[in-house]
Amino acid sequence: PAPTPGFPLPTEHTQEAFDPASDFTSKWTRADAKQIMAQSDPTVAPGENSMSPDVTMPEIPEDFPTMNEDVWVWDTWSLTDENANQISYKGWDVIFSLVADRHAGYGFDQRHWNARIGYFFRKTNADPAKDKWNYGGHVFADGASIGNTEWSGSTRLMQGNQVNVFYTATTFYDIAERNAGGGGIAPDASIAKALGKIHADENGVTFDGFKHTNLLEPDGEMYQTKEQNPGFAFRDPYTFADPAHPGKTFMVFEGNTGGTRGEYECKPEDLGYRPGDANAESVDEVNSSGAYYQTANVGLAVADNKDLTKWSFLPPILSANCVNDQTERPQIFIQNEGGKNKYYLFTISHQFTYAAGMRGPDGVYGFVGDGVRSDYQPMNNSGLALGSPTDLNLPSESPEAPTPNQNGRQFQAYSHYVQPGGLVQSFIDNVNGVRGGSLSPTVKINFRDGISQVDRSFGQDGLGPFGYLPTNLRVGGEGHY
Ligand code: FRU
């Protein structure tokens, strides 16, 4: 790409694949993420969108429908198989969402402390514009899961009618914190799974028989522990098979670089500037800015048995040290390009988790390489694949306290998840001050060779149906019981 005057060039990445068990960790560098601002328009009127339309999510209308009157809905995923196919089970589409009670006296921003995994189902041939998702309730019985709060994960259909629900077992110790939100004693977090059964009949879908197993706790070396940082992240498991390594099951998850918070020192590889780049920062400059506090990574683990009850950590596949503190809900999306499998790693991140001197929107970020572990090339040279409309010339804010002079849609959606066909679903957070807790209109991105573009011919000016998570593979027939 032609350099933008005043900005550094992005880091050169080969996309070369390495053995998943090797210790090569790809870096999302400051030089890479600086391209977000290099590609942003510095001349827009304050509060307009400064990002390219190619990476900007179309505007969600303020009068969006409420998906369910009783629960707030946020992070959502479909029933899938090990190849990320979205499964129609006996004629029903099934989705899983973090949910929290709308009538319990706490607000939308307190949802994290009260999160449970709920599910919805809808006839596979339903009209996504008219037919509502039916709410099936919580997936697990009260008190059955490991931990007292259930955070994000993924659900896989196994043999017959067995399902594995992978989830984050979060345990809060401070009840006041659960009710008020924030502060208090840091939670524990582990990655867990529950093996149970799915049932379907003409009335819908139910689950039962769940047996919970704790799978992984951070090791403090590759993945940061609560003792090392009360604000650590260890969550959001997503499991998959890799055609390049048949017979193995892998998991990606959100982590932070191991070590005590504040002790990390930013390294030349984290900055990633090309030799002699006149717009490069020095390592000393970056370290004295405090950018070492932000140490996100995307973790990798491999299953040691067929039951998927035993797992071993592998080194992280991506780090964002000195760039960003959270790379959430990672997923691997394999796409054939010119006869070759290209691996897209997608992960969501926030504006408020960027390191000093860095700026980007809430949205989904993508990286492409030749294998699960590779020298990932950030999509669009920056990493940004799809963000909420934001004026990046103004300072970063958080969804709880946006200022009126910013773009009213800077927090319109979060937790973007890329589904087959490039369909991206997410949840509505804050549209011009109207709080969400419902699924967004699904949008579509077209991508190849690491370059993506929002498809504005999809749906109405780029906005598809609300909560559109279509299935692409049928299991158990069309619904003859
Ligand atoms: C993303 C997220 C996940 C986490 C959940 C908790 O929106 O932060 O990383 O599992 O929300 O509510």
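In terms of regular secondary structure, the protein chain is built from four helices and 25 strands. With the C-alpha coordinates aligned to their principal axes, the bounding extent of the protein chain is approximately 70 × 55 × 50 Å. Per-residue burial for the protein chain yields a buried fraction of 59% across its 481 residues. Sequence-distant contacts, at least 24 apart, represent 67% of the contacts inside the protein chain between residues at least 6 apart. Of the charged side chains in the protein chain, 35 are positive and 60 negative, and the gap between their average positions amounts to 5 Å.

Next up on the list: the pattern of salt bridges. Overall, the coordinates contain 17 salt bridges when judged by the stated rule. As a salt-bridge pair, Glu254 and Arg235 come within 3.1 Å of each other at their nearest N and O atoms. In this pair, Glu254 sits in strand 12 (residues 249-256) while Arg235 sits in strand 11 (residues 235-241), placing the two residues 19 residues apart along the sequence. Of the two residues, Glu254 and Arg235, neither departs from the other in class, the shared state being buried.

What follows concerns the site of the ligand. The environment of the ligand is made up of Trp74, Asp75, Leu98, His112, Trp151, Ser152, Arg235, Asp236, Glu254, Glu328, Tyr414 and Ser415. Interatomic distance of 3.1 Å between a backbone N/O atom of Ser152 and an oxygen atom of the ligand. Glu254 is positioned such that a nitrogen or oxygen atom in its side chain is 3.5 Å from an oxygen atom of the ligand. Summarising the interface, the protein chains cover 96% of the accessible area of the ligand, which totals 320 Å² for the free molecule. Counting only elements with at least two residues in the shell around the ligand, the list comes to strand 2 (71-80), strand 7 (149-157), strand 11 and strand 20 (413-419). Split into classes, the residues belonging to the shell around the ligand amount to four nonpolar, three polar and five charged.

Here the largest pocket defines a volume of roughly 1,000 Å³. Lining the largest pocket we find 45 residues, and of these His112, Trp113, Trp151, Arg235 and Gln326 sit closest to its centre. Classifying every residue of the lining of the largest pocket gives 18 nonpolar, 14 polar and 13 charged. Here the second largest pocket is characterised by a volume of approximately 550 Å³. Residue contributions to the lining of the second largest pocket peak at three residues, all from strand 10 (residues 204-216). A breakdown of the residues in the lining of the second largest pocket according to their chemical character gives six nonpolar, nine polar and eight charged.

The element helix 1 (residues 30-38) is extensively covered by neighbouring structure, given that eight of its nine residues are classed as buried. Within helix 1 the residues assigned to the buried category are Arg30, Ala31, Asp32, Ala33, Lys34, Gln35, Ile36 and Ala38. Contacts made by the buried residues of helix 1 are with strand 1 (26-27), helix 3 (268-271), helix 4 (283-288), strand 17 (363-369), strand 18 (377-378) and strand 19 (384-387). Residue Thr29 occupies the N-cap position of helix 1, its side-chain oxygen lying 3.3 Å from the main-chain nitrogen of Ala31.

Strand order across the open sheet formed by five strands is 1-14-13-12-11, with mixed pairing between neighbours. Each having just a single partner strand, strand 1 and strand 11 make up the two edges of the open sheet. By the bridge criterion, five bridges tie strand 11 to strand 12 in an arrangement that is antiparallel. Each residue of the ladder has a partner; that of Phe240, found in strand 12, is Phe250.

With that out of the way, let us pick up the state of the cysteines. According to the stated counting rule, one finds one disulfide in the structure shown. In this model, Cys266 is linked to Cys322 through a disulfide, with the two sulfur atoms separated by 2.1 Å. Note on the Cys266 and Cys322 pair: the S-S dihedral is about -100°, so by sign convention the disulfide is left-handed. Here Cys322 lies in the loop between strand 14 (311-321) and strand 15 (328-337) and Cys266 lies in the loop between strand 12 and helix 3, a separation of 56 residues in the sequence. On the accessibility criterion, Cys322 (0% relative accessible area) is buried.

Even without being a glycine, Gln15 presents a positive backbone phi close to 70°. Overall, Gln15 belongs to the buried group, its relative accessible area being 16%.

Glancing now at the confidence of the model for the protein chain. Low-pLDDT portions of the prediction should not be read for the details of their coordinates. Predicted confidence across the protein chain gives a mean pLDDT of 96, with 97% of residues reaching 70 or more. For this predicted complex, the interface score ipTM comes out at 0.93, while the overall pTM is 0.97.

How each quantity is defined
Residues numbered from 1 in each chain as written. Predicted model: local features only at pLDDT ≥ 70, side-chain atom pairs only at ≥ 80, totals over all residues. Heavy atoms only, no water. Helix = DSSP H or I, 4+ residues; strand = E, 2+ residues; numbered from the N terminus. Buried < 20%, exposed > 50% of the residue type's maximum accessible area, 1.4 Å probe, protein only. Contact = heavy atoms within 4.5 Å. Lys, Arg positive; Asp, Glu negative; His and termini not counted. Charge placed at Lys NZ, Arg CZ, Asp CG, Glu CD. Salt bridge = Lys/Arg side-chain N within 4 Å of Asp/Glu carboxyl O. Near = heavy atom within 4 Å. Polar contact = N/O pair within 3.5 Å; in protein donor to acceptor, adjacent residues only side chain to side chain. Areas by Shrake-Rupley, 256 points an atom, 1.4 Å probe, with all protein chains shown as cover. Nonpolar A, V, L, I, M, F, W, Y, C, P; charged D, E, K, R; others polar. 1 Å grid on protein atoms, 1.4 Å probe; cavity = no way out; pocket = protein on both sides within 12 Å on 5 of 7 lines; lining within 4 Å. Points joined across faces, edges and corners; volume = space filled by probe spheres on them. Pairing = 2+ DSSP bridges. Disulfide = S-S within 2.5 Å. pLDDT = per-residue confidence, 0-100.

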